[in-house]
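Below, each chain spelled out in residue letters.
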Amino acid sequence: MNVIIGIDVGGSTTKIVGYYEDGKLIGREQVEAADPLTSAYGALGKFVNENNLSLAQVKQIVLTGVGASLFKDEIYGIPARQVDEFQAIGLGGLALSKKEEGLIVSMGTGTAFVRAGKDGIRHIGGSGVGGGTVLGLCSKLCNARSFETVVDMAHRGDLKKVDLNISDICSGDIATLSPEVTASNFGKMADGATAEDLARGVLNMVFQTIGMLAVFACRNHQIKDVILTGTLSTVPCASVLFKQVERLYHLNFIIPSYSIYATATGAALSYIYQNGKQK
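This is a predicted model, so every value here is computed, not measured.

**Describing the packing of helix α6 (residues 195-218) against helix α7 (residues 238-249)**
Running from amino to carboxyl end, α6 crosses α7 at an angle of 40°, the nearest separation of the two axes being 10 Å. Judged on the interaxial angle alone, α7 and α6 are oblique. Two packed elements cross with a definite hand, and for α6 against α7 that hand is right-handed. Of α7, the residues touching α6 (which contributes Leu203, Asn204, Phe207, Gln208, Ile210, Gly211, Met212 and Val215) are Ala238, Leu241, Phe242, Gln244, Val245 and Tyr249. Per-class residue counts for the contact of α6 with α7 are ten nonpolar, four polar and no charged.

Right, here's the structure in full:
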């Protein structure tokens, strides 16, 4: 049976998802390399090998992401086409979450907000706050230059030494805000704050900012499901921090399984849906 492959080409990391033409999932892979071309070619080779496929079985490659424009109309002789990244984000987010509509939040270097559902897929805006913000701030504040190091440090950090909460400035609730709600990110900065505490504070600030932007994006709209995808969605503390926003604003924040592959998933499904193999 023919194989359709979706590839999300990042600056150095490439995600790849493969389906049979009838919509049956084959598998997923992720490859890192020094440049997008090497990363994408490496991902395709690894995927075919790991899943005991041949290049002859691959009917179509669908590319998306920042590095997609580097490729021509074929890869290894296989037809290749590009799909709009926001379209891929919307399709992939809905497919992985098994929702019919939602606000898909793609948290990569920056953050994109895509509304998807019965009325179509629409990019409604974005923010420069994202994974790049985390790495940039933590490289200076914590001397941590890799995503894995930042996450490990943040796991051992204490927000109470960094952030100012409502309880720090008021003895009771303020309107609908409970005492544990953040009043000011980095508003306390205790003298004994460690690099681990700062890393936790950076992640908290970024997640709270993204969470509130999602809240604003859902205002005056029926959508209540916010589907979180991208690299930052895999951070262990993400679900805890977004749950706090969820409780305050009565939205449903969802981190689906394999959320890091949402865009690559949407790229492959865009071809399958368009050709009527699966609805």
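**Focus on the environment of Ala68**
Within the secondary structure, Ala68 sits in the loop between β4 (58-64) and β5 (74-75). On the accessibility criterion, Ala68 (3% relative accessible area) is buried. For the pair Ala68 and Val83, spaced 15 residues apart in sequence, the C-alpha to C-alpha distance is 8.9 Å. Residues within four places of Ala68 in sequence aside, it is in contact with Val9, Leu63 and Gln82.

**As for the sheet that holds strand β8 (residues 111-117)**
Spatial strand order, β9-β8-β7-β12-β13: five strands in an open sheet with mixed pairing. Single-partner strands in this sheet number two, and they are β9 (120-127) and β13 (252-254). When the angles between neighbouring strand axes are averaged without regard to direction, this sheet yields 20°. Pairing analysis gives six bridges linking strand β7 (residues 102-107) to β8, with the strands arranged antiparallel. The partner of Ser106 across the bridge, within β8, is Ala112. Packed onto the sheet, α6 meets β7, β8, β9, β12 (225-229) and β13 and runs at close to 155° relative to β7.

**Overview of the pattern of salt bridges**
If you walk through the whole model with that rule in mind, you get eight salt bridges. Close ionic contact of Lys188 with Asp168 constitutes a salt bridge, the shortest N to O distance being 3.3 Å. Placement of Lys188 in the loop between β11 (182-184) and α6 and of Asp168 in helix α5 (residues 166-169) is noted, with a sequence separation of 20 residues between them. The exposure class of Lys188 is partly exposed, given its relative accessible area of 32%. Owing to a relative accessible area of 38%, Asp168 belongs among the partly exposed residues under this scheme.

**What to know about the nonpolar core**
Membership of the largest hydrophobic core comes to 37 residues, with the highest contact counts inside it found for Leu103, Val105, Phe207, Val226, Leu232 and Val235. The leading source of residues in this core is α6, at eleven residues. The contact partners of Val235, leaving out residues within four places of it in the chain, are Phe147, Val151, Leu203 and Phe207. Counting residues in each nonpolar core, the second largest holds 21 residues, with Ile7, Ile16, Ile61 and Ala80 among its members.

**What about the packing of aromatic side chains?**
Under the counting rule described, the total for this entry stands at four aromatic pairs. Both rings, one in Tyr41 and one in Phe71, keep their centres 5.9 Å apart while their planes meet at 40°; by these two values the pair is tilted. One end of the pair, Tyr41, is in helix α1 (residues 36-50); the other, Phe71, is in the loop between β4 and β5, and 30 residues separate them in sequence. With a relative accessible area of 29%, Tyr41 lands in the partly exposed category. You can call Phe71 buried: its relative accessible area is 6%. Three or more aromatic residues link up through ring pairs in this structure, and these residues are Tyr41, Phe71 and Tyr76. Above the ring of Tyr258, the side-chain terminus of Arg28 is found at 3.7 Å from the ring centroid.

**Some details on the pairing of β12**
Buried residues dominate β12, accounting for five of its five residues. With burial as the criterion, each face of β12 is covered, one bearing Asp225, Ile227 and Thr229 and the other bearing Val226 and Leu228. For β7 and β12, the ladder comprises four bridges, and the chain directions are parallel. By the bridge assignment, Val105 is partnered in β12 with Leu228. Judged from the three bridges that link them, β12 and β13 form a sheet pairing that is parallel. When the bridges of β13 are listed, Ile227 appears paired with Ile254.

Rules used throughout
Residues numbered from 1 in each chain as written. Predicted model: local features only at pLDDT ≥ 70, side-chain atom pairs only at ≥ 80, totals over all residues. Heavy atoms only, no water. Axes fitted to C-alpha atoms, helices over the stretch in contact; angles between N-to-C directions. Helix = DSSP H or I, 4+ residues; strand = E, 2+ residues; numbered from the N terminus. Parallel < 35°, antiparallel > 145°, perpendicular 65-115°, else oblique. Left-handed = near helix turned anticlockwise from the far one by under 90°. Contact = heavy atoms within 4.5 Å. Nonpolar A, V, L, I, M, F, W, Y, C, P; charged D, E, K, R; others polar. Buried < 20%, exposed > 50% of the residue type's maximum accessible area, 1.4 Å probe, protein only. Pairing = 2+ DSSP bridges. Salt bridge = Lys/Arg side-chain N within 4 Å of Asp/Glu carboxyl O. Core = buried A, V, L, I, M, F, W, Y, C linked by side-chain atoms within 4.5 Å. Phe/Tyr/Trp six-rings, centres within 6.5 Å; stacked < 30°, edge-to-face > 60°. Lys NZ or Arg CZ within 6 Å of the ring centre and 35° of its normal.

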